[in-house]
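The residues making up each chain are set out below.
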Amino acid sequence: MEADVHNKKTPWEINGSLAPAELQRNNRSESPTPGLVEGTEPGARQDSAMFVHTRSYEDLTGGEEEKRRQESDETDSPGQSQMEEISKDFSELSTQLNRVVMDEEIRDGEVEGTVSCRDSALSDKEEDVTSESWRQHRKHVFVFSEAGKPIYSRYGTEEALSTTMGVMVALVSVIEAGKNVIKSIHAEGYKVVFIRRSPLVLVAVARTRQSEQEVAKELLYIYYQIISLLTLTQLNRIFEQKTNYDLRRLLSGSERITDNLLNLMDRDPSFLMCAVRCLPLSASLRDLISGALQQAKDKSLVFSILIAQNQLVTLVRKKDQFLHPVDLHLLFNLISASSSFREGEVWTPICLPKFNSNGFFHTHISYLDQASSLCLMLISTESEHFFTISNCKRKVLERLNKRNTFQTLLDGLQTPSYCVSQVGISDLRHFIYKSRSSGLFTSPEVEHPYVTQEEQERLLELYQHLYSRIHNSSRPLKYIYYVGQRENLLAWVTSGFELYMCFSPMGTKTGAVNAITKLMKWIRKEEERLFILNPLTY
Amino acid sequence: MLMISPRMTTAQEKQFPPSLQNFFIYNPKLGPREGEEEKKILFYHPTEVEKNEKIRNVGLCEAIVQFTRTFCPTKPAKSLHTQKNRQFFHEPEESFWMVMVVSNPIIERVNKDGSTVVEYQEDELLDTVYGAVIQQCYSMYKLFNGTFARSMELGGVELLIQKLEKFFFRYLQTLHLQSRDLLDVFGGISFFPLDKMTYLKIQSFVNRMEENLSLVKYTAFLYNDQLIWSGLEQDDMRILYKYLTTSLFPRHMEPELIGRDSPGRGGMTGNLHHYGRFLTGPSNINDPEIPIRFPRIFVNTKDKYEELHLIVYKAMSAAVCFMIDASVEMTREFCQKLDSLVGPQLTLLASDICEQFNTNKRLSGPEKEPHFKFIYFNHMNLAEKTTIHMRKTASMCLTSVHPDLMKILGDINSDFSRADEDEEIIVKAMTDYWVVGKRSDQRELYVILNQKNANLIEVNEEVKKLCATQFNNIFFLD
């Protein structure tokens, strides 16, 4: 059955624009992106997807949310009632919706242990906000309330920057007074991007090559990050009751999570791609692990997720429930930002804003190994089910230990994921391949010459730039080939997949065209290892 | 991520192109105290806007500029993007700010229930293009009026306000914001290709004229709206060229097109020996009733600050600009001398150039419709060449390609301007057109190919061929 799927004629080798013209003429039809039908590209899931199928980009930039907000501005806020309707739909899942606690109890449990780390970072925060070095930061991020109360600043303390944020709020409101919306300010070498998600305003000052939309997308991640700690309902309620509330009181200790998210976005292409990277693993091993997670089920469990080093090992979900990549990224970030989870089992409320921004899930988080590289997250709807879920974790471990699965997995973690040289294309330095239907992507380790952190961020910036050009909202492109002094780059987007490749500057165009075919063949050959083809449900 | 082309219009859809919402000039130093804000404003379009709104809009611009100085004191904001419009800021002289507000294009849809939905297309305008337009506004103003500061010195704020109103009242009506593109970013000059002999002939003609008409300080020579010789500095010539080719020449083209030389200007009456005529100055130099006045222009405003009479004289397709120091009074005798001296020689020269031009055309064989179109620009000598733009008229520049493709060229150009490196970008648009941009050593070349089935390698070969035939002496990165 599976072999069938694989033997199907896969047209990606000869489709599109890169193959000699004679071969593709038949394929070129009315369809603007011929060839690959979505769902048959390498890495496409065989049965069903595990993520919400997003058109990622549009979804994130959230035109709809904005429209909804504007509508609600005009007509005595039906937005609120709409929210309530939505929350009703999810009422089974959202547990504590009506007894949201306004105090710090919740936060305490979670951020304990992170506060001390925060202290060491304080020196970083208390820099002189009038100094040249402060100005030169690659990306500033500011979050404040609509009343202008500072909530977060990436560099410099909120106190020192309260005037700056005050000016930002003034700009936003002056332009809104003219029935208009401020989007961004552009100057030579940097841009200032504004997004408003009532009751919050988020602003970035970026010296990167990212487009306005890409920066706005990152700000939205920060917004969702805050929602994931509070829920939108609670956030709204707080500011309804007291418009000049100092939200930092509630979020204290969580700055580190936001800092970490921003740093992660500067380095990890997952956010740019709006997709999830899987840990390369043999299909049989992954199936065994998925099986273990599947068996350890409970009525209240919605998702069981196993991750290693910001890569997905496997995910088992309740039937008909899908996780949004954004939510999974926020979970990844939470894990990588907090050391407290290493201490033992943690039971913490988490809001998954894309799933339901109005309620908390209760998540059991624990590391399975001594080195804290394998993290298990069991997401439940019941706040009182700690012991039940803890028992599930025990069952997972038991099953994993049974057939030595666990040791094989740990051994696998010792070696780096994979090198680009395994593909066997001489001028190829790095690539990102995303299967659009499954929301998964794969890319090799970043190697020479991108060794320093600065160089790695530069490489990601090149990808970000390609991405924003090829996904330009008014002038999208199909294909980009760039020849520069330091590297040659290629980007290709079809309805089935997205491919970004980085070549040495010595590479030729002929070489690049051949490299695509070779790489696609290699990914098809390795797809069982690189992707999760058989996601399970309980 | 398939996008529906924004230009697909149905019966229920109405499109509105970008348009000029506001244009104002202010100087914060002129009204520093509260309650005096109105004094800052030197010019405001449209004039009928209520005073408080003017003050508010100027205040917002000041605030934005000031705000961005927090992050970079030396490089403040250049543009502001909002849902409905874009605002472009330009400080051409210290403390003098020019602001242009351009509305985003709009699509208006009528729903089934009869309600209308307005969609602002926030990503359609290119900052580089409109940033260049506002700079052009200043350059054009300065060409005919000199600097803001000099006007202030001569006649205070009143004189400056008067000059601004007189100039921009008319000029703003000719902005044609919807047809601006990459060519405005370059602001280049199209040069007429010539063989050495003819070039020498023109040079010796210019020398002779300057010798005989000793008052002449600078000369420029054009043929077919293309430049051949100029004694002006590059930046002054670039804006004078813009004026000549987009404003003055098109206004005088129509009579020639219908096969009849303009009877008005230059006094053709009684002069059957040549086709020369004045494009500026009195409509008839032999009529004693008409005063002898030529437009004044200002050049070298950074150092020498020269004010000049601009005399444009044309015979057939050849045009000469004579520039004479403004302190010299222009007389009827001088004009008559110029007419009798330049007229016959320029007529002769024009037909020489025409002949040579036609021979060259014949030699290069019959023109086939090429499957590519290109724009070339050289930052060093401002030389520009385009096969995309068909014809410049007073009202607009017609292009032969889809506006979306022009915007892709603009995107590539702004990628290039980021770093001073040799680069090449090849992209395939959703419409399957290939667009190639190359930048090498101050030169930029953009090619649009409509071989939709070509692959990257074939596209590369095509562009190589084009470079070899059109630019055989220029090295481009492969």
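Every value quoted in this text rests on a predicted model; they were computed, and no experiment measured them. (Residues numbered from 1 in each chain as written. Chains lettered and ligands numbered in written order. Predicted model: local features only at pLDDT ≥ 70, side-chain atom pairs only at ≥ 80, totals over all residues. Heavy atoms only, no water.)

1. Observations concerning the sheet that holds strand β1 (residues 13–16) of chain B
Residues and elements named next belong to chain B. The following threshold applies: Should DSSP find at least two bridges between two strands, the strands are taken to pair. What counts as a helix is a DSSP run of H or I of at least four residues, what counts as a strand is a run of E of at least two, and both are numbered from the N terminus. Axis angles are defined between N-to-C directions and span 0 to 180 degrees, where every axis is a line fitted to C-alpha atoms and, for a helix, only to the segment in contact.
The three strands are arranged β1-β7-β8 in an open sheet whose pairing can be described as antiparallel. In the strand order of this sheet, the two ends are held by β1 and β8 (116–120), each with one partner. Direction aside, the axes of adjacent strands within the sheet are offset by 20° on average. Sheet topology note: the strand β7 (residues 106–110)/β8 ladder contains five bridges and is antiparallel. Paired with R109 across the bridge in β8 is V117.

2. Observations regarding the nonpolar core
Put simply, the test is: Throughout this description, the term nonpolar core refers to a set of buried Ala, Val, Leu, Ile, Met, Phe, Trp, Tyr and Cys residues connected via side-chain atoms within 4.5 Å. Burial here depends on accessible area, computed with a 1.4 Å probe over protein chains only, as a share of the maximum for the residue type. Under 20% is buried, over 50% is exposed, and the range in between is partly exposed. By definition in these notes, contact holds between two residues if any of their heavy atoms fall within 4.5 Å.
The biggest cluster of nonpolar side chains holds 112 residues, and the ones touching the most others in it are L200, L247, I305, F431 and M501 of chain A. With twelve residues, helix α10 (residues 212–230) of chain A is the single largest residue contributor to this core. Once you skip the residues sitting within four places of it in the chain, I305 of chain A turns out to touch L293, L312, T314, L315, L323, L328, L331, C375, L376, M377 and I379 of chain A. Ranked by size, the runner-up nonpolar core spans 94 residues in total, among them V102, L279, L310 and V312 of chain B.

3. Description of the packing of helix α9 (residues 162–177) of chain A against helix α1 (residues 51–68) of chain B
Filter applied, for reference: In these notes the angle categories are as follows: under 35 degrees is roughly parallel, over 145 is roughly antiparallel, 65 to 115 is roughly perpendicular, and the rest is oblique. If you view the pair so one helix is near and one far, a crossing is left-handed when the near helix is turned anticlockwise from the far one by less than a right angle, and right-handed when it is turned clockwise. Amino acid classes used here: Ala, Val, Leu, Ile, Met, Phe, Trp, Tyr, Cys and Pro are nonpolar; Asp, Glu, Lys and Arg are charged; the rest, including Gly, are polar.
Put simply, α9 of chain A and α1 of chain B touch, their axes get as near as 11 Å, and they point 150° apart. When the axis of α9 of chain A is compared with that of α1 of chain B, the two are roughly antiparallel. For the element pair α9 of chain A and α1 of chain B, the recorded crossing hand is left-handed. Each of T164, V167, M168, L171, V174 and I175 of chain A in α9 of chain A lies in contact with α1 of chain B, whose residues at this interface are L60, A63, I64 and F67 of chain B. Here the residues of the contact of α9 of chain A with α1 of chain B are counted per class, giving nine nonpolar, one polar and no charged.

4. Focus: empty space enclosed by the protein
Over the atoms rolls a probe the size of a water molecule, and in doing so it shows where empty space is left. This is how it is decided: A 1.4 Å probe that fits but cannot get out identifies a cavity on a 1 Å grid over protein atoms alone, an open set with protein on both sides within 12 Å along at least five of seven lines counts as a pocket, and a residue lines either if it has an atom within 4 Å of a point. Grid points are joined across faces, edges and corners, and a volume is the space filled by probe spheres set on the points.
Enumeration according to the criterion identifies six cavities of 30 Å³ or more in this entry. Of the volumes computed, that of the largest cavity is approximately 190 Å³. In this structure, the largest cavity is lined by 17 residues; those nearest its centre are H465, R469 and I480 of chain A together with D415 and I425 of chain B. Every element with two or more residues in the lining of the largest cavity is listed here: α19 (453–470) and β14 (477–483) of chain A together with α9 (403–416) and β19 (423–429) of chain B.

5. Some thoughts on the domain arrangement of chain B
Residues and elements named next belong to chain B. The following threshold applies: Reported domain spans reflect what an automatic or database domain assignment gives. Defined here as a combined quantity, buried area equals the accessible surface (1.4 Å probe) lost by two parts on assembly, summed across both. The definition of a polar contact used here is a pair of N or O atoms within 3.5 Å, where within protein one atom must be able to donate a hydrogen and the other to accept one, and adjacent residues in sequence count solely through side-chain atom pairs.
Domain parsing of chain B yields domain 1 (13–180), domain 2 (196–253 + 275–364) and domain 3 (372–471). If you average the C-alpha positions of domain 1 and of domain 2, the two centres end up 34 Å apart. With eleven residues of domain 1 at the contact, the number on the domain 2 side is nine residues. Interface area, domain 1 with domain 2, both sides summed: about 1100 Å², of which 69% is carbon and sulfur. It is M140, L143 and F144 in domain 1 that bury the most area against domain 2; as a group they hold 52% of the surface buried on that side. Summed over the shared surface of domain 1 and domain 2, the result is three residue pairs in polar contact (both at pLDDT 80 or more). Ranked by residues supplied to the side of domain 1 that touches domain 2, first place goes to helix α2 (residues 127–145) with seven residues. Considering only residue class, the side of domain 1 that touches domain 2 consists of three nonpolar, five polar and three charged.

6. A few points about the packing of aromatic side chains
Residue and element names in this part refer to chain B. Note the following rule: Centres within 6.5 Å make a pair out of two Phe, Tyr or Trp rings, where for Trp the six-membered ring is used; the pair is then stacked when the planes are under 30 degrees apart, edge-to-face when over 60, and tilted otherwise. Either the NZ atom of lysine or the CZ atom of arginine qualifies as a charge over a ring when it sits within 6 Å of the ring centre and within 35 degrees of the ring normal.
This structure, assessed with the given rule, holds 41 aromatic pairs over all chains. For the ring pair F24 and Y26, a centre distance of 6.4 Å and an interplane angle of 35° mean the geometry is tilted. The same class applies to F24 and to Y26, which are both buried. Each residue in the set F23, F43, F96, Y138, Y141, F148, F167, F168 and Y171 is aromatic and connected to the rest through ring pairs, giving one cluster. Above the ring of Y305, the side-chain terminus of R150 is found at 3.7 Å from the ring centroid. It is K314 that lies over the ring of F249; its NZ or CZ is 5.1 Å from the centre.

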